[in-house]
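One-letter residues, chain by chain:
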Amino acid sequence: MFRGIVWIRPDTRLPFIRLRMVFFAISGVLVAGSLLLMAARGLNYGIDFTGGIMIEARFSGPVDVAATRAKVDSLDLGGTEIQGFGGPNEVLIRLPLQEGDEKAQSRAVEKVKSALGASVEYRRVETVGPKVGAELLRESIVAVIVSLGGIMVYLWFRFEWKWGAAGIAALFHDVISTVGVFSLSGLEFNLSTVAALLTIAGYSINDTVVIFDRVRENLRKFKTMPLPELFDRSINETLSRTINTSGTVFLTVLALYAFGGPVIRDFSFALLWGVVVGSYSTICVALPLLLYMNIDRGA
């Protein structure tokens, strides 16, 4: 029967716990750097959160982005942004919210359409007001916090609160570092990115639960084994599963990133980072932290 690809020998004993201080230093730099970046540079919020007008236009042939930008800038609609989007004949136009009501926004859109000509196909026109954007941002933050709280409660009941604390620390590590990467890269942070953060949290905690279950089994099996040795044993026993699962997910998301188009590229990028950092945090953050939690060996 096919049992999947086994990358790690069953008798492998890699010293993950012995290297915990190195891992803590790496994670500390990663989290601190992410927080500093967010404080200094902030995030490139998308229209979902800032409000504005987004127009996705498809031309009949290859588009001259510079010429298109000149046409739109001549309309005096404020700080416009124009970039290639998808194929060589597509552009994404962003306009700031215009002074006035919805009619003012509609007039701005009509001005752009008139300037670009009748041969252009407008595949998407979205307008988000500032109040709606602020509400979406606030609700997105609440959604992430509530999801992390729910995961902690789940771990608390499945294991005990000390295990939940270690698991949630690893999740905060994943979320903060992902947001830090978006701050560093300048990629757009929008509702799709928030969805990616929630997906990363779910993926990461699934990996954590698998290893926590193996630790609990080994605690009952090896009642006198020192915890560092037992933790290393548990990690190595599940390492093949971790690599196989994470590798498969990574390749799938990589295909989405490469061929899925610009609409889901930022979402896919967040997931690519999340798969890597989620697997790392389970092994190198959650379990080493558990070593300092004075856990009950009968848990």
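Please read these numbers as outputs of a predicted model, since none were measured by experiment. (Residues numbered from 1 in each chain as written. Predicted model: local features only at pLDDT ≥ 70, side-chain atom pairs only at ≥ 80, totals over all residues. Heavy atoms only, no water.)

Quick word on the overall build of the chain
Part 1: Of regular secondary structure, the chain possesses 10 helices and six strands.
Part 2: Out of the 299 residues in the chain, the part that is buried amounts to 43%.
Part 3: Pairs at least 24 apart in sequence give 77% of the contacts found in the chain among residues at least 6 apart.
Part 4: About 15,300 Å² of surface is accessible on the chain, with carbon and sulfur atoms providing 63% of the total.
Part 5: Taking the 29 positively charged and 27 negatively charged side chains of the chain as two groups, their mean positions are separated by 9 Å. (Helix = DSSP H or I, 4+ residues; strand = E, 2+ residues; numbered from the N terminus. Buried < 20%, exposed > 50% of the residue type's maximum accessible area, 1.4 Å probe, protein only. Contact = heavy atoms within 4.5 Å. Areas by Shrake-Rupley, 256 points an atom, 1.4 Å probe, with all protein chains shown as cover. Lys, Arg positive; Asp, Glu negative; His and termini not counted. Charge placed at Lys NZ, Arg CZ, Asp CG, Glu CD.)

Remarks on the packing of helix 1 (residues 20–40) against helix 6 (residues 161–185)
Part 1: In contact at an axis separation of 8 Å, helix 1 and helix 6 are set at 50° when each is read in the N-to-C sense. Taken as axis vectors, helix 1 and helix 6 run oblique relative to one another. Pair helix 1 / helix 6 crosses with left-handed handedness. For the pair helix 1 and helix 6, the contacting residues are Ser27, Leu30, Val31, Ser34, Leu35, Leu37 and Met38 in the first and His173, Ile176, Ser177, Val179, Gly180, Ser183 and Leu184 in the second.
Part 2: A class-by-class count of the residues in the contact of helix 1 with helix 6 yields eight nonpolar, six polar and no charged. (Axes fitted to C-alpha atoms, helices over the stretch in contact; angles between N-to-C directions. Parallel < 35°, antiparallel > 145°, perpendicular 65-115°, else oblique. Left-handed = near helix turned anticlockwise from the far one by under 90°. Nonpolar A, V, L, I, M, F, W, Y, C, P; charged D, E, K, R; others polar.)

What to know about the pattern of salt bridges
Part 1: Applying the stated rule across the entire model yields 11 salt bridges.
Part 2: The salt bridge partner of Asp213 is Arg158, with a shortest N-O separation of 2.4 Å. Note that Asp213 is positioned in helix 7 (residues 191–221) and Arg158 in helix 5 (residues 130–158), a separation of 55 residues in sequence.
Part 3: Across the pair Arg241 and Asp207 runs a salt bridge whose closest N-O atoms are separated by 2.6 Å. (Salt bridge = Lys/Arg side-chain N within 4 Å of Asp/Glu carboxyl O.)

Digging into the environment of Ile235
Part 1: Take Ile235: it is sitting in helix 8 (residues 227–237).
Part 2: Classification of Ile235 by relative accessible area gives buried; the value is 0%.
Part 3: Contact partners of Ile235, with chain neighbours within four places excluded, come to Phe16, Ile17, Ile283 and Leu287.

As for the sheet that holds strand 5 (residues 121–128)
Part 1: On the basis of which strands lie adjacent, the open sheet formed by four strands has the order 3-4-2-5 and antiparallel pairing. The open sheet is flanked by strand 3 (81–84) and strand 5, the only strands paired with a single partner. Pairs of neighbouring strands in the sheet enclose a mean axial angle of 15°, with direction left out of account.
Part 2: Sheet topology places strand 2 (residues 52–58) next to strand 4 (residues 90–95); six bridges connect them, and they run antiparallel. Within strand 4, the residue paired with Ile55 across the bridge is Ile93.
Part 3: Its contacts with the sheet place helix 3 (residues 65–73) against strand 3 and strand 4, and it is angled at close to 160° to strand 3. (Pairing = 2+ DSSP bridges.)

A look at helix 7
Since the α-helix advances by 3.6 residues per turn, residues separated by three or four positions end up pointing in the same direction.
Part 1: Spanning 31 residues, helix 7 covers 45 Å between terminal C-alpha atoms, matching the ideal 45 Å at 1.5 Å per step.
Part 2: Two to three positions downstream of the cap, the backbone nitrogen of Ser192 sits 3.1 Å from a side-chain oxygen, assigning the N-cap of helix 7 to Asn190. (Expected span 1.5 Å × (residues − 1). Polar contact = N/O pair within 3.5 Å; in protein donor to acceptor, adjacent residues only side chain to side chain.)

Examining the pairing of strand 2
Part 1: Of all seven residues in strand 2, six are buried; the element is thus mostly enclosed.
Part 2: Of the pairings in the sheet, the one linking strand 2 to strand 5 comprises seven bridges and is antiparallel in character. When the sheet's bridge partners are listed, Ile55 is paired in strand 5 with Val125.

Considering a nonpolar patch on the surface
Part 1: Judged by side-chain polarity, Val153, Trp156, Phe157 and Trp161 come together as a nonpolar surface patch covering roughly 510 Å² of accessible area.
Part 2: Among the structural elements, Trp161 can be located in helix 6. (Patch = residues over 30% accessible without salt bridge, like charges linked within 9 Å, V, L, I, M, F, W, Y side chains within 5 Å.)

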